[in-house]
Amino acid sequence: MADVIIVGDGGHSKVVRECLEQQGVDTIIGVLDNKYTSYEKLGAQFRAPFDDFEQYKKDTVLWFIAIGDNRARAGVAAKLGDVAYATIIHPTAIVSKAATIEPGSVIMPLAVVQPDSVIGAHTIINTGAIVEHDVIISEAAHVSPRATVTGGVKIGAGVHVGASAVVNPGLDLGAYSVIGAGAVVVGDTEAGMTYVGVPARKLDIV
Ligand SMILES: CC(=O)SCCNC(=O)CCNC(=O)[C@H](O)C(C)(C)COP(=O)(O)OP(=O)(O)OC[C@H]1O[C@@H](n2cnc3c(N)ncnc32)[C@H](O)[C@@H]1OP(=O)(O)O
């Protein structure tokens, strides 16, 4: 049982906190977000500005960055430096014993992660998403609700797979590429590019 500080107090944070509470292992002691201008107590927890994070660093505390935007999440991880992170797995998620979930990641309700897959640090496997066998996900990625990543896919850092999208087997998604909601990805994606539709095509850059 560890004390956890959550960074971020938006919609994604609400869901993360619910997952952590239902996991029933660790206890949230506070939430940092720059929407707060000073330290305040809220029941058994505190709220405080994120910019004050240095004063909350302790060997006994775990952190969790609950910010939905992939670049922002990665940026906060870089700022926080060498802290320890919680790993959050909702009790209804099915995670293979042969899968690896790196710290700072969350596996949301009803998600599935199959054998020999690796979920990199600060990654979100959102509600009902499926990550099949042998999928390697780098850090700060997001597989959105009900998306399906089929076997042997490689997902680069910061990739966002939109809700209900499908990624065909063995593909390689370049860092920070974005897959639109409902897309079916049939080829590798270029870093930083956005793909939509069935089959998925690169969006023209204006
Ligand atoms: C818990 C949660 O809520 S997790 C949240 C998960 N979020 C998602 O799944 C959202 C994923 N995001 C999307 O699908 C977005 O629409 C994106 C990223 C693909 C595109 O967003 P933008 O860059 O803002 O593009 P924009 O909305 O201007 O659309 C550009 C064009 O692509 C089309 N388009 C946008 N999204 C899609 C899509 N998912 N499928 C097909 N076409 C699309 C638009 O109709 C538009 O076409 P047009 O130029 O012919 O008019």
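In what follows, the accompanying structure is described. For clarity, every value in this text was computed on a predicted model and none was experimentally measured. (Residues numbered from 1 in each chain as written. Predicted model: local features only at pLDDT ≥ 70, side-chain atom pairs only at ≥ 80, totals over all residues. Heavy atoms only, no water.)

1. Concerning the overall build of the protein chain
Threshold: Helix numbers and strand numbers start at the N terminus; a helix is a DSSP run of H or I with at least 4 residues, a strand a run of E with at least 2. All radius of gyration figures rest on C-alpha atoms, and the globule criterion is 2.2 Å times the number of residues raised to 0.38. Each residue is placed in one exposure class: buried if its accessible area under a 1.4 Å probe, protein chains only, is under 20% of its type's maximum, exposed if it is over 50%, and partly exposed if it falls in between. The criterion used for residue contact is that any of the two residues' heavy atoms lie within 4.5 Å. Areas reported here follow the Shrake-Rupley algorithm with a probe of radius 1.4 Å; residue values treat only the protein chains shown as occluding. His residues and chain termini do not enter the charge count, which takes Lys and Arg as positive and Asp and Glu as negative. Just so you know, the charge point we use is NZ for Lys, CZ for Arg, CG for Asp and CD for Glu.
What the protein chain contains, in helices and strands, is two helices and 24 strands. The C-alpha radius of gyration computed for the protein chain amounts to 17 Å, which stays within 12% of the reference 17 Å derived for 206 residues, consistent with globular compactness. Projected onto its principal axes, the C-alpha coordinates of the protein chain cover approximately 50 × 45 × 25 Å. The proportion of buried residues among the 206 residues of the protein chain is 49%. Relative to all contacts within the protein chain whose residues are 6 or more apart in sequence, the contacts with residues 24 or more apart total 23%. With an accessible surface of roughly 9300 Å², the protein chain has 55% of that area assigned to carbon and sulfur atoms. When the 15 basic and 22 acidic side-chain charges of the protein chain are each reduced to a single mean position, those positions are 4 Å apart.

2. A few points about the sheet that holds strand β19 (residues 166–167)
Applied cut-off: Two strands pair if DSSP finds at least two bridges between them.
Pairing is parallel across the open sheet formed by six strands, whose spatial order is β7-β10-β13-β16-β19-β22. Here the strands that pair on one side only, and so sit at the sheet edges, are β7 (94–95) and β22 (184–185). Looking at chain direction, β7 and strand β10 (residues 112–113) are connected through two bridges and run parallel. Bridge pairing in β10 links valine 95 to valine 113.

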